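# Chains, contacts and geometry: an overview
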Amino acid sequence: MKILSKQKEINPMSQLPKLNRIIGQIEGVKRMLEAGRNRSDVLTQLRSVRGAVKAVESNLLNMYLKEYVCRSFDNEKEREKALKEVCELFSRFEN
């Protein structure tokens, strides 16, 4: 799990453009089905949607964890150590 920059860390609204793209992808999948497109193409698009949703989920989780850990520790060294441990733990379960 990568640690996001301060700008994204404090602004979960930065994920809205990604969510809008995901909505467009879903609408595209619907149109593909309505047009009778090849199921393989539809499944490929759905896989892409799933990856995009997972990325937004990961970004929001990362923002929350970073914010939570930063508020939990006054000592910068302890904060960085805790943040590193939490990020390593979650990165093991991301997939």
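Residues numbered from 1 in each chain as written. Predicted model: local features only at pLDDT ≥ 70, side-chain atom pairs only at ≥ 80, totals over all residues. Heavy atoms only, no water.

### Side note on the pattern of salt bridges
Spelled out, the test is: Just to be clear on terms, a salt bridge is a Lys or Arg side-chain nitrogen sitting within 4 Å of an Asp or Glu carboxyl oxygen. Exposure classes here rest on a 1.4 Å probe applied to the protein chains alone. A residue is buried below 20% of its type maximum, exposed above 50%, and partly exposed in between.
Inspection of the entire model under this criterion finds 1 salt bridge. Measuring nitrogen to oxygen at the nearest pair gives 3.6 Å for the salt bridge that ties Arg37 to Asp41. The class for Arg37 is partly exposed, based on a relative accessible area of 39%.

### A few points about the packing of aromatic side chains
Test applied: Aromatic pairs are defined between Phe, Tyr and Trp rings, using the six-membered ring for Trp, whenever the two ring centres lie within 6.5 Å; interplanar angles under 30 degrees are classed as stacked, those over 60 as edge-to-face, and all others as tilted. Numbering of helices and strands runs from the N terminus; a helix is a DSSP stretch of H or I covering at least four residues, while a strand is a stretch of E covering at least two.
One pass over the structure, following the stated rule, counts 1 aromatic pair. Between Tyr64 and Tyr68, the ring centres sit 5.9 Å apart and the planes meet at 25 degrees, which makes this aromatic pair stacked. Note that Tyr64 and Tyr68 are positioned in helix H3 (residues 39-72) at a spacing of 4 residues, about one turn of the helix. Note on Tyr68: relative accessible area 43%, which makes it partly exposed.

### Overview of the packing of H3 against helix H4 (residues 76-93)
Quick note on the threshold: Lines fitted to the C-alpha atoms define the axes, with helices restricted to the stretch that makes contact. Angles between their N-to-C directions range from 0 to 180 degrees. Roughly parallel refers to an angle under 35 degrees, roughly antiparallel to one over 145, roughly perpendicular to one between 65 and 115, and oblique to any angle outside these ranges. Take the far helix as your reference; a near helix turned counterclockwise from it by less than a right angle gives a left-handed crossing, and one turned clockwise gives a right-handed crossing. Contacts are assigned to residue pairs with any non-hydrogen atoms lying within 4.5 Å of each other. The nonpolar class holds Ala, Val, Leu, Ile, Met, Phe, Trp, Tyr, Cys and Pro. Asp, Glu, Lys and Arg form the charged class, and all remaining residues, Gly among them, are polar.
Put simply, H3 and H4 touch, their axes get as near as 9 Å, and they point 155 degrees apart. Taken together, the axes of H3 and H4 are roughly antiparallel relative to one another. In the crossing of H3 with H4, the sense of the turn from one axis to the other is right-handed. Touching Leu61, Leu65, Lys66, Val69 and Cys70 of H3 are Arg79, Ala82, Leu83, Val86 and Phe90, all from H4. Classifying every residue of the contact of H3 with H4 gives 8 nonpolar, no polar and 2 charged.

### Observations concerning the confidence of the model for the chain
Fine structural detail should not be taken from predicted coordinates in areas where pLDDT scores are low. Rules: Every residue is assigned a pLDDT by the predictor, reflecting its confidence on a scale from 0 to 100.
Averaged over every residue, the pLDDT of the chain is 85; residues scoring 70 or more account for 87%. Between the elements of the chain, mean pLDDT differs from a low of 44, seen in helix H1 (residues 6-9), to a high of 97, seen in helix H2 (residues 16-34).

### Describing a nonpolar patch on the surface
What counts here: In this analysis, a patch consists of residues with relative accessible area above 30% that form no salt bridge, clustered at 9 Å for like charges and at 5 Å for the nonpolar side chains Val, Leu, Ile, Met, Phe, Trp and Tyr. All accessibility values rest on the Shrake-Rupley procedure with a 1.4 Å probe; residue burial counts only the protein chains present in the view.
Among the surface-exposed residues, Met13, Leu16 and Leu19 lie close enough to one another that they form a single nonpolar patch of about 270 Å² accessible area. Position of Met13 relative to the elements: it lies in the loop between H1 and H2. Owing to a relative accessible area of 53%, Met13 belongs among the exposed residues under this scheme.

### Considering the environment of Asn59
Where we set the bar: Here a polar contact is taken to be a pair of N or O atoms separated by no more than 3.5 Å, where protein atoms must pair a possible hydrogen donor with a possible acceptor and residues adjacent in sequence count only if both atoms sit in side chains.
Relative to the assigned elements, Asn59 resides in helix H3. In this structure the side chain of Asn59 is engaged in a polar contact, spanning 3.1 Å, whose partner is the side chain of Gln15.

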